[in-house]
Amino acid sequence: MISVRALEKSFAGARGEVRALRGVSFEVGKGQLFTLLGPSGCGKTTTLRCIAGLEQPSAGEILINERAVFNAAAGTFVPPERRRIGMVFQSYAIWPHMTVAGNVEYPLAGEASRKERSIKVDEILQRLGLGELADRLAPNLSGGQQQRVALARALVAQPEILLLDEPLSNLDAKLREQMRFELKSLQESFGITTVYVTHDQEEALALSDRVGLMHEGALLEVGAPAELYLHPAHKITADFLGMANFIPAHVQRGGNQPGDEMLLESPIGSFVARRSVEWQPGPAALLFFRPENVEILDGNGPAGCETNHGAGVVERVTFLGNSADVILRSGATAVRVRAHPARIPAVGKTVSFSVAPSACIVFPV
Amino acid sequence: MLDARSPMISARTVAVAPIILGLLVWASAGYAQDKGKGGSDAVAQLYAAAKKEGVVVIWGPTDAIIYQRMQEALDKQYPGIKIEHFESIPEPLVQRIIAESQAGKPAAVDVIQSGSLRALRPLIDRDMLAPYPGWEKDFGLDAVYAGQRFVGAYNLTLPISYNTKMVSAKEAPKSWEDLADAKWKGRKIIIEARLVPFSMLGTEWGIPKAAELTKRILSQQPLIVQGGTTVANALAGGQVSIAVGTYAYTIERLKRQGAAVDWVAVSPLPVLTSAEGVLKTAAHPNAARFFAGWMGTAEGQKIRYATTGQAMEVGKNAIGAVAERIKAAQPTVILETDKTFATILEIQRELGKMLGALR
Amino acid sequence: MSVTPTTLANNVQIRHWSLARSFSIRSLTLGLTLAVVSYLVLVPLLMLLYASVKSTEDKLPFESTVTTLGNYAAVFTSPSTLPIFLNTLLFAAGSLAVGLPLAILLAWLLERTAIPGRAWIANLILVPMTIPSLLSAISWIQLLDPRIGLINVALRGLFGIDVEAGPLDIYSLSGMCFVQGLRLVPSAYLMIAASFRAMDPSLEEQSAMAGQNIAQTTLRVTLPIMRPALLAALIYFIIVVVESFDIPGLLGFTARIRVLSTAIYWATHSEVGLPDYGLASALGTIILGAALLLMWLYQRLTAHQERFATITGKGYRPRQVRLGAWTAPAAVFCLLYVLIAVLLPFLMLLWTSVQPFYAPPSAESLARASFEGYANIWRDGSIVRALWNTILLALVTSVATIVLAVLVSWFVVRRRSQGSGIANYLATVSFLPQCVPSIVIGLALIFVYVRFPIPIYGTLWIIALAMTTRYLAYSSRATTAALMQVHGELEEASQMSGAPWTRTLRRITMPLLAPAMINVFFWVAVHAMQELSMALMLYNPNTVVVSTMIWSMWQNGRTADAAVLGVILIFLSALLLLGGQAVSYLRRGSDAQMPGQ
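Residues numbered from 1 in each chain as written. Chains lettered and ligands numbered in written order. Predicted model: local features only at pLDDT ≥ 70, side-chain atom pairs only at ≥ 80, totals over all residues.

**Some words on the overall build of chain C**
Worth spelling out the cut-off: In this text, helices come from DSSP runs of H or I with a minimum length of four residues, and strands from runs of E with a minimum of two, each type numbered from the N-terminal end. The exposure scheme places C-beta atoms from the backbone and then counts, for each residue, the other C-beta atoms within 10 Å of its own, assigning buried at 20 or more, exposed at 12 or fewer, and partly exposed in between.
Along the backbone of chain C there are 26 helices and 0 strands. Counting all 597 residues of chain C, 56% fall into the buried class.

**Observations concerning the overall build of chain B**
A count of helical and extended segments in chain B gives 14 helices and 14 strands. Evaluated residue by residue, chain B yields a buried proportion of 55% over its 359 residues.

**Let's talk about the confidence of the model for chain B**
Any segment with low pLDDT has predicted coordinates that should not be analysed in fine detail. Residue and element names in this part refer to chain B. Put simply, the rule is: For every residue, the predictor assigns a confidence score, pLDDT, that lies between 0 and 100. Any pair of residues counts as being in contact when their C-beta atoms, constructed from backbone geometry, are within 7 Å of one another.
In the predicted model, chain B carries a mean pLDDT of 86, and 89% of its residues have values of at least 70. Strand S7 (residues 160-163) holds the highest mean pLDDT among the elements of chain B, 96, whereas helix H1 (residues 11-33) holds the lowest, 54. When the criterion is pLDDT under 50, residues 1-8 qualifies, and its contacts beyond four places in sequence or with other chains add up to 2 contacts.

**Points about the domain arrangement of chain B**
How we decide: In this document the domain limits rely on a domain assignment from an automatic tool or a database.
As far as domains go, chain B holds domain 1 (40-155 + 272-320) and domain 2 (160-264). Measuring from the centre of the C-alpha atoms in domain 1 of chain B to the corresponding centre in domain 2 of chain B gives 31 Å.

**Here's the deal with the packing of helix H2 (residues 40-53) of chain B against helix H11 (residues 285-296) of chain B**
All names here are of chain B. Quick reminder of the rule: To obtain an axis, a line is fitted to C-alpha atoms, over the contacting stretch when the element is a helix, and the angle between two such axes runs from 0 to 180 degrees between their N-to-C directions. Any angle from 65 to 115 degrees is called roughly perpendicular, while one under 35 is roughly parallel, one over 145 is roughly antiparallel, and all others are oblique. Each crossing gets its handedness from the near helix: less than a right angle anticlockwise from the far helix is left-handed, clockwise is right-handed. When residues are grouped by polarity, Ala, Val, Leu, Ile, Met, Phe, Trp, Tyr, Cys and Pro land in nonpolar, Asp, Glu, Lys and Arg in charged, and all others, Gly among them, in polar.
Remark: H2 packs on H11, axes separated minimally by 7 Å, with the N-to-C direction vectors making an angle of 125 degrees. With respect to each other, H2 and H11 are oriented oblique. Along this stretch, H2 crosses H11, giving a crossing that reads as left-handed. Note on element contacts: H11 touches H2 through Asn286, Ala287, Arg289 and Phe290, opposite Leu46, Tyr47, Ala49, Ala50 and Glu53. Among the residues forming the contact of H2 with H11, the class breakdown is 6 nonpolar, 1 polar and 2 charged.

**Quick notes on the interface of chain B and chain C**
Between chain B and chain C, the residue contacts involve 56 residues of the former and 50 residues of the latter. Counting only elements with at least two residues in the side of chain B that touches chain C, the list comes to strand S2 (82-87), helix H4 (90-102), helix H5 (121-125), helix H7 (196-205), strand S9 (223-225), helix H9 (228-236), helix H10 (248-257) and helix H14 (341-354) of chain B. Sorting elements by how many residues they give to the side of chain B that touches chain C places H4(B) first, with 8 residues. Here the side of chain B that touches chain C is composed, by residue class, of 26 nonpolar, 17 polar and 13 charged.

**Remarks on the nonpolar core**
Short version of the rule: We define the nonpolar core as any set of buried residues of the types Ala, Val, Leu, Ile, Met, Phe, Trp, Tyr and Cys, connected via C-beta atoms lying within 7 Å of each other.
With 414 residues, the main nonpolar core has A:Leu287, B:Phe291, C:Ile192 and C:Ile463 as its most contacted residues. Setting aside its immediate chain neighbours within four residues, C:Ile463 contacts C:Leu393, C:Met534, C:Ala535, C:Leu538, C:Tyr539 and C:Thr543.

**Some details on the sheet that holds strand S8 (residues 189-192) of chain B**
Residues and elements named next belong to chain B. Basically, it comes down to this: Two strands are said to pair when DSSP picks up at least two bridges between them.
Spatially, 5 strands are ordered S9-S8-S10-S7-S11 in an open sheet, and the strand pairing comes out mixed. Here the strands that pair on one side only, and so sit at the sheet edges, are S9 and strand S11 (261-264). Strand-to-strand twist in this sheet, taken as the mean axis angle between neighbours without regard to direction, amounts to 25 degrees. Across 3 bridges, the pairing between S8 and S9 is parallel. Across the sheet, residue Ile191 finds its bridge partner in S9, namely Ile224. Together, S7, S8, S9, strand S10 (242-244) and S11 form the strand contacts of H9, whose direction differs from that of S8 by roughly 170 degrees.

**Observations regarding the sheet that holds strand S14 (residues 269-275) of chain A**
The strands making up a sheet are joined through hydrogen bonds of the backbone, oriented either antiparallel or parallel. As summarised here, the arrangement of the 5 strands in space is S12-S13-S14-S21-S15 (chain A), forming a closed barrel in which the pairing is mixed. If you compare each strand with its neighbour and ignore which way they point, the axes differ by 55 degrees on average.

**So, helix H5 (residues 173-190) of chain A**
Our working rule: One less than the number of residues in a helix, times 1.5 Å, gives the span that helix is expected to have.
With 18 residues, H5(A) extends 26 Å from end C-alpha to end C-alpha; this agrees with the ideal 26 Å at 1.5 Å per step. Residue A:Gly191 follows H5(A) closely and has a positive phi angle near 65 degrees.

**Description of the environment of C:Leu490**
All names here are of chain C. Positionally, Leu490 belongs in helix H22 (residues 488-496). Looking at Leu490, the number of C-beta atoms within 10 Å reads 24, which means it is buried. Considering only alpha carbons, one finds Leu490 and Ala215, 275 residues apart in sequence, at a separation of 31 Å.

**Concerning the packing of helix H13 (residues 260-268) of chain C against helix H14 (residues 277-301) of chain C**
All names here are of chain C. At a minimum axis separation of 8 Å, H13 and H14 run at an interaxial angle of 155 degrees. In terms of axis orientation, H13 runs roughly antiparallel to H14. Between H13 and H14 lies a crossing of left-handed hand. Contacts between H13 and H14 pair Leu260, Ala263, Ile264, Ala267 and Thr268 from the former with Leu279, Ala280, Leu283 and Ile287 from the latter. Residue composition of the contact of H13 with H14, by class: 8 nonpolar, 1 polar and no charged.

**Here we look at unusual backbone geometry**
With an omega of -5 degrees, the peptide bond between B:Ser267 and B:Pro268 qualifies as cis. Inspection of the secondary structure assignment puts B:Pro268 in the loop between S11 and strand S12 (269-273). At A:Glu216, a residue that is not glycine, the phi angle is positive and equals roughly 50 degrees. Relative to the helices and strands, A:Glu216 is located in the loop between strand S10 (210-215) and strand S11 (218-223). Judged by the 15 C-beta atoms lying within 10 Å of it, A:Glu216 falls in the partly exposed class.

**Focus on the environment of B:Arg359**
Examined against the element boundaries, B:Arg359 turns out to sit in the segment after H14. B:Arg359 gets classed as buried once you count the C-beta atoms within 10 Å, which come to 20. Along the chain, B:Arg359 and B:Arg349 lie 10 residues apart, while their C-alpha atoms are 6.3 Å from each other. Among all residues touching B:Arg359, those that are not within four sequence positions of it are B:Arg349, C:Ala74, C:Ser78 and C:Leu279.

Given below as structure tokens:
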């Protein structure tokens, strides 16, 4: 439904040109929710605004529903007001001098009769639980209500695609979770192709059909949430999505192809791991595994020197309710472990642990 | 002359002679009374031509109300001429006239008027005015300047004025040098910023002496503001004791209204000259000449004096309180003429530098 | 090269876009705005530059054939130049030090706190602006003259000081700074107040939650975010003070303080005929240079204006700060200000209007008081016509100026669409007319329009043109500062909702800009009613306006009549102000209204 191909964009920064987008390309299927995920300044919002038409890339093309809304080479540019896109801004951008109904009706201006417009407005307001607030002046709403008004406004004209720029980042945690579900269910019931931008990896994983990880203007990886989480191809992806252990190691053998088994020698022991796409042959590597994949073994004292086993002293334990964040010190290396709340090791105790080879990945240094 | 023995002189001659003599006497008497009597024919002719034109357009600083009164009088004496007046200071008017004529679209004005002759100098330099000897010859006016291109309708005398409540007539300064006396130090004097009287003094004394005196007076810590009205009001309100740069007729008018002010006819006494000139491109030249001349006559004078107290204050046709005082005191009068333009400009520059001018 | 993809919907055409521009109403409007503003500004500007290199002894610039640097040489070699420049700097600094903090404090007090009587005080603050400067200047002398000034007399009586003159001497640099500073307050207040009003409360609330008190919040959060508005005001008023002659003319001569505008005054008031346009223009060009420098600094300091957006979608009505124990002193301060800066000068004006000549109030002068001036004034038919001309002129000028100012602001603030170059050009060019002496603007227009086929010469329109040129500087500063506070996303949301540029402007931008627009309208109208120098150059028998009438009455010694007309002008301005408030009120319903909302 949405095709983004080889977008390039530069800004004039304080010290010369900044390349905000470097050859960004991805596809979004019809009815899918695609998330652009990344830290601040990675270019995700810029990409979104390019799709919206609020920014003009210097190269590339964008097609919506097979039709080119932007093509640098051909000189095509459809202005944003003609793209039939619904957009929710991070600041919601609710017009403060109008009522809720006024805000929501605005995209329908010029279309249909007043009666029809009014029906559509009522419908969407009801759908989003704003029915009682129709006549309230926009600033007199809570954050969550404003966000829903923004959504209603974006959806009322039945756009072809929906763009969301960090819509939940200004809400408190509880509301955020609640709205997450509402958003997803709305999107599914409307079946509207959506591009979502966020820096919150939990959100991205929860909501998306596919996630695109962006870093410094480039799109690193695209994939389903589980795929990216469990089998990241890039170190940055691994680091960004969830917690990670990165342990410098030496390569003993293996690793000609991505996916191959490799043997690594690290300060915490020998580990068998699978090679990532990113790693290039050479002596050095980073051993990666996630804290929740570290199993603390019963029994006392260090185990033998088996591969994928290690031992360490419990340095710190942070109780989180549904789990415990445990830092093990193995030699000079700190290993982060996610422990079950019922089996928290005592601080100062020496424990041994193991990590399954399938959960270990080799990344470049 | 008549010899009874001479049979050659006929009775007819005897009869006619007294008549001719009488006519001559009557004519000369009329001539003495109004020089334009023999020229009164010329005036009448001019009026006829003016009447045909029907309108005179005059631009200048004169208060509109004066023209209203003049129109009333004119309608009685010399009906058929409508005065269209536009009130403004002469400086922008002069610029506009020059700019418009430069662009090939001469301004729609017949008479350009100013309270002081030198404001109209640019028009003289560019030879844009038509001389008219008739003002002198036919109207009998003596305030004629710049090769008969301008005729004056009133004077503006620049005396030293004082507040009678704060300064007695005895204590009042008798000369310009008196102003430099120590007793007037410390915000007791107010001076109009453009220092016109001192510029005029320079034409009599020479620039160095005038500049010297001005400097000394300026070091008396006087108040210095621009605008004669502000100066006069400051004096009337008791803000200062002495004022320089306001006009004598203004002081007289304030006196009539009950203010405690008066003026001294110091010697030398600077007197500015108003000037009316007819543009070469005037659409109604005859009406223009006629009206300009008429304003200078006793009739025109009377009306102006009755309305605002302005009048000719020196010269043949001088009338009014100021004129009387000047006649009585007999000071040396420094009259503004077109001969002194260059000097005044030079002095002005010199003096202006004391107050912030760059050149 | 052209590829024509299929359309998105039946009624949507794909526009071909070249990298440089796209044809749309927006770019057409940009082109028009650029053309009109450039034309308006460049005509006087070129005259200024041209005249500055002409030898204009006894000649008008376009008559003179000698091109010379002599004017600049005269400026830089004159021994008076250095003291003049130093004095000008001191005078500007002093006046701004008095006027701007006052304006900011008043704006903050009246817009952000719950001080009693807000609405009244806010209106009264603007009154001094409505008094023609000629008349208000006299009022100040009548109040502060060392010997008979009422305030000094009162002070002497109150404190039993036994001197003939004093204690306050208005004829000094500090006196000049004080009066000039006070004169700046109404305009500065108007420019700044709208910015204070439209603040996102969450910005300040965060500061409050972090434990900062009111003062700290204001200094660390509120003022910095208003930086563009404050800087714009600063730069504008620097040039205003440098260029204006009212106070230096009234007080500076006596105080023997010479400033740049004094030098310009002497150059333009030649006693023997023509102004020395060459010298005046050289001085004006130097001021122009200073203004360009200031504009460059300003643009560097306010480069990323997204930082300064305070009207986002999230909040709009800032909370009112409760002053608590400070309420009384604040109220007293406001009242004192109103009393000294507003009421006293106005009363002096009233007094002047009933007196045949000025005299301090006393039994004797009271006996002379007469209101017949007010009755007589209507008998003069020309006054009624002048009033009509003035109102028409004010309205036309205001509308033209606002339209231009809003368009200029939009293209300056939303510069992403066409690049910084054009935006900076517009911002600078719209500011420059402030530096050109009024008579140069007048002369330039005379020169151009006496030749041009456009028949505005000799009509009210040419005066309106001159004034629009002149007032564009203030107006565009004010609207730019206001527009900076409107977050760009509000307009982008409108775009994403399918609205073309014109609808976005009409339904989103302008309603949010409305408070600033009303302010500017009022300011321009009031100033247009009083403008004198350009009117004197350009007016005709048919286009006599009240300001020229007041002025010529004053010259002819009819002080009472002049003051009467001045009072009438104030009432006209008050009507305008009330009209503006009525418009605000109607727009917003029952929200409490203040001027500049």
